Amino acid sequence: MPNKKKLEVLFVGAELAPFVKVGGLGDVMGSLPKGLVKQGVNIKMILPFYGAIDTKKYKSKLVKKNINLDIDDKQVKFDLYQTLLPGTKISVFLVKHKMFNGKDIYVGGRKYMKGRVYSRSVSDIERFVFFSKAVAETIRTMKWKLDVVHAHDWHSAILPTFIDEYSLEDKNFANIKTLFTIHNLANQGISGLDIVDYGGLHQKLTPALMEDYYDKDGDKIDMMKIGILSADFVNTVSPNYAKEILTKEYGEKLETYLLRRQKHLSGIVNGIDIDFFDPSKDKLIYKKYNAKNRKVNKAFNKQALQKEMKLPQDDVPVFGLVSRLVNQKGLDILVPVLDKILAKNDVQVVILGTGQPEHEQAFKQLAKKYPEKLSANITFNITMAQKIYAGSDFFLMPSLFEPCGLGQMIAMRYGTLPLVRATGGLKDTVKHGVTGVVFKKYTQVATKKAFEQAIRIYKNKPKFNKMISTAMHQDFSWDKSAKDYIKLYKKLA
Ligand code: ADP
């Protein structure tokens, strides 16, 4: 490829902040492209036109009506809309079909399979196979010239397979290379074999699909596995997680396939949107602050948070947690430890999240038991999240596993010290005693010790202040990681 030509990359995924977001996938989809465009890459993005997208706030225009899609042995039609990623000139294309009209991004309940690995219900898998094929069809119809298709997580993991199939009939597809990014290996998109017929795939031509057909437990198709085996290159969202997933402990039963792709597998740490997550510009928090005036203004945020959470406005360490309430986040050890810590110490805890009913319930019970010390907010609320990042002293992330984690980086940017377990991206981004409190073993004893360390740090004001200042000065922008992605794209193109 001549040097002067700009790289043409298509981003494909199920979430995109600020349009739709459930977790970190949405954040990364909404911020990495800005970092890439800054460094001269041409980006287009595509996602389903969910009913959840606020069409009053985000105006879009119809670019192509009635695009034909051969799916489930039928000719189905979808429409293509176009809008811009807010604050940028990046085009976001939206696949409009009634399958996505509902208010939920994901429609299926989560089904637990293979231990802690879970899959969505089959109807969700159909929706995203439909979406992936619609993306391939859009590339053909719109005659997009692309160097790289960058697919994210299981929702678009089958897209490299569709691209291979389309390339047999359309030479526009022959030069497209594919990069598959794993944001979370535990969400795999597992379905029955009939999904192959649904997608109208010619399994004889696609080795990754054949592998599932003939696997020992061969009545399942695993989207994540297909992505791993079929993309030209695979990466995940931190260097440490890229190593961990090659082991049985973290490989979620896909380690054999990841080991096979080891030469084509790397880890690039996520950044955060430093314009959105900026305490000196954040309109959602109680009072803006920066590293210089934070002593006064962050203290204001803390008191306002205590007030809003109906906690006494005392000078005690406040621990915040903003998270999906799922096993991954270490809640089965956190809850009993909190019970012990709250019983014996003057600390306060503010919880924000939704997820598995047993965890939601456990936090509600703790709030009842310690009404003066713990506030449980079982909801999804971006404004409240920002207020917690700004108003807490410490941020809780004792994860069982964590591909990268954004919460700890957002917290540091707001001068809130993360208390994390040394796993995945948490190990790559938080330094013990320097920018946060890091513990190793996934045990109640180790977690409790970390709390006690945090309480000691809070009391040692010179150390506490130095750590806050160091945390606030860390560079979590996309600048460096975008460069690493560009190196990867160039290697592929
Ligand atoms: P994951 O992707 O596993 O959910 P991350 O730490 O990578 O975890 O990203 C989580 C993102 O979602 C952060 O931006 C966090 O602030 C946000 N978030 C999680 N739960 C909530 C909630 N209940 N309300 C608002 N924001 C939330």
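Residues numbered from 1 in each chain as written. Predicted model: local features only at pLDDT ≥ 70, side-chain atom pairs only at ≥ 80, totals over all residues. Heavy atoms only, no water.

Chemist: Go over a positive patch on the surface with me, naming the residues and quoting the values.
Modeler: There is a patch of like positive charges on the surface, built from Lys 64, Lys 143, Lys 145 and Lys 171. With respect to the secondary-structure elements, Lys 143 resides in the loop between α2 (122-142) and β8 (148-152). (Patch = residues over 30% accessible without salt bridge, like charges linked within 9 Å, V, L, I, M, F, W, Y side chains within 5 Å. Areas by Shrake-Rupley, 256 points an atom, 1.4 Å probe, with all protein chains shown as cover. Salt bridge = Lys/Arg side-chain N within 4 Å of Asp/Glu carboxyl O. Lys, Arg positive; Asp, Glu negative; His and termini not counted. Charge placed at Lys NZ, Arg CZ, Asp CG, Glu CD. Helix = DSSP H or I, 4+ residues; strand = E, 2+ residues; numbered from the N terminus.)

Chemist: A description of the site of the ligand should follow, citing residues and the corresponding values.
Modeler: The full set close to the ligand counts 22 residues, and Gly 24, Asp 27, Arg 324, Lys 329 and Tyr 389 are the nearest of them. Here Tyr 389 contributes a side-chain N or O atom positioned 2.6 Å from an oxygen atom of the ligand. Interatomic distance of 3.2 Å between a backbone N/O atom of Gly 407 and an oxygen atom of the ligand. Relative to its unbound accessible area of 570 Å², the ligand is 93% covered by the protein chains. Contributions of two or more residues to the shell around the ligand are made by α1 (24-38), α12 (382-391) and α13 (407-413). Residues belonging to the shell around the ligand are distributed by class as follows: nine nonpolar, nine polar and four charged. (Near = heavy atom within 4 Å. Polar contact = N/O pair within 3.5 Å; in protein donor to acceptor, adjacent residues only side chain to side chain. Nonpolar A, V, L, I, M, F, W, Y, C, P; charged D, E, K, R; others polar.)

Chemist: Give me the lowdown on the environment of Glu 126, citing residues and values where you can.
Modeler: Among the structural elements, Glu 126 can be located in helix α2. Among the residues examined, Glu 126 registers a relative accessible area of 28% and is labelled partly exposed. Spatially, the C-alpha atom of Glu 126 lies 9.4 Å from that of Met 99, the residues being 27 residues apart in sequence. Beyond its immediate sequence surroundings of up to four residues, Glu 126 is in contact with Ile 195 and Tyr 198. (Buried < 20%, exposed > 50% of the residue type's maximum accessible area, 1.4 Å probe, protein only. Contact = heavy atoms within 4.5 Å.)

Chemist: I'd like to hear about the side chain of Lys 133, residue by residue, with values.
Modeler: Following the sequence through the fold, Lys 133 ends up in helix α2. The side chain of Lys 133 sits in the buried core without any salt bridge; Asp 70 is the nearest counter-charge, 4.7 Å away. Among residues more than four places away in sequence, those in contact with Lys 133 are Leu 69, Asp 70, Ile 71, Phe 162, Tyr 166, Gly 199 and Gly 200.

Chemist: Outline the packing of aromatic side chains, listing residues and values.
Modeler: Applying the stated criterion across every chain yields a total of 18 aromatic pairs. With 6.3 Å between their ring centres and 35 degrees between their planes, Tyr 389 and Tyr 414 make a pair best called tilted. Taken as a pair, Tyr 389 in helix α12 and Tyr 414 in the loop between α13 and β18 (417-421) lie far apart in primary sequence, 25 residues in all. There is no split in this pair, since Tyr 389 and Tyr 414 are both buried. Chaining the aromatic ring pairs together yields one cluster made of Tyr 50, Phe 100, Tyr 106, Phe 128, Phe 130 and Trp 154. (Phe/Tyr/Trp six-rings, centres within 6.5 Å; stacked < 30°, edge-to-face > 60°.)

Chemist: Give me the packing of helix α10 (residues 331-344) against helix α11 (residues 357-369): which residues, what numbers.
Modeler: Two elements in contact, α10 and α11, have axes separated by 11 Å at closest approach and are oriented at 10 degrees. In terms of their interaxial angle, α10 and α11 are classed as roughly parallel. On the side of α10, the interface is formed by Leu 331, Asp 332, Leu 334, Val 335, Leu 338 and Asp 339, while α11 contributes His 359, Ala 362, Phe 363, Leu 366 and Lys 369. In terms of residue class, the contact of α10 with α11 is made up of seven nonpolar, one polar and three charged. (Axes fitted to C-alpha atoms, helices over the stretch in contact; angles between N-to-C directions. Parallel < 35°, antiparallel > 145°, perpendicular 65-115°, else oblique.)

Everything listed is a geometric property; what it means functionally is a separate question.
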